[in-house]
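Structure assessment
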Amino acid sequence: KEPVVYRAMLPPPSPPWRFSNARILYQPTLVPVEAAQKVTPTSGLTLLSLFGWTLGGIFVVDWTSSPVGPYREVAVLSGLVTTSRNPILEDGIGAWASHIVVDSLEAA
C-alpha cells in the first residue's frame, strides 16, 4: 500500500503565485493603536495611525483556484503598516495580518 503524502509536506510552488476566481469579503474596522501594537512586530515595520487609531479588519476569502488548490482563509488585520518613512513614494502601505486561519493542509 502506498504511503499517504500530504502536499503540505512538499515544497510550495515557485513564486510568483497567481490567485484567481476568489470570493472576498473585507470588513474594515478602526483599531486602537494600543491594541494593534500588541500584535504587530516593530522590527522593520511602522504602524500607521491617526489620532490613536489604525485601519484593520477581517478579511475572508474563498480561493477557488490557487497554486495549492482551492481553500478558504480568514485573516484578522491588526493595522496598516509600512517599511519606510515615506510610504506613498517608496515601499507603499500594507495591512499586517495578526492571525490567519486556513481550511486545508496544503495552504497552511
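Here, the structure is the one placed above.
Residues numbered from 1 in each chain as written. Predicted model: local features only at pLDDT ≥ 70, side-chain atom pairs only at ≥ 80, totals over all residues. Heavy atoms only, no water.

Observations regarding the side chain of Thr54
Rules: Only DSSP runs of H or I covering at least 4 residues are called helices, and only runs of E covering at least 2 are called strands; the numbering of each starts at the N terminus. Each residue is placed in one exposure class: buried if its accessible area under a 1.4 Å probe, protein chains only, is under 20% of its type's maximum, exposed if it is over 50%, and partly exposed if it falls in between. Pairs of N or O atoms within 3.5 Å make up the polar contacts considered here, provided that, within protein, one atom can donate a hydrogen while the other can accept it, and that residues adjacent in sequence are counted only when both atoms are side-chain atoms. The contact criterion used throughout is that any non-hydrogen atoms of two residues lie within 4.5 Å.
Take Thr54: it is sitting in strand β3 (residues 53-65). The class for Thr54 is buried, based on a relative accessible area of 2%. A polar contact is formed between the side chain of Thr54 and the backbone nitrogen of Leu80, at a distance of 3.1 Å. Apart from the residues lying within four places of it in its own chain, the contact partners of Thr54 are Thr29, Leu30, Val31, Val33, Ala36, Leu47, Leu48, Ser78, Gly79 and Leu80.

Section: the pairing of strand β4 (residues 71-82)
To be explicit about the condition: Strand pairing is assigned whenever DSSP detects at least two bridges linking the two strands.
Looking at chain direction, strand β2 (residues 46-47) and β4 are connected through two bridges and run antiparallel. Looking at the pairing, Thr46 lines up with Thr82 of β4. As judged from the seven bridges shared by β3 and β4, these two strands associate in the antiparallel manner. By the bridge assignment for β4, Gly57 is matched with Leu77.

Brief notes about the environment of Val61
Examined against the element boundaries, Val61 turns out to sit in strand β3. The class for Val61 is buried, based on a relative accessible area of 2%. Taking the C-alpha atoms as reference points, Val61 and Tyr26, separated by 35 residues in sequence, lie 8.5 Å from one another. What Val61 contacts, discounting residues up to four positions off in sequence, is Ala22, Arg23, Ile24, Tyr71, Arg72 and Glu73.

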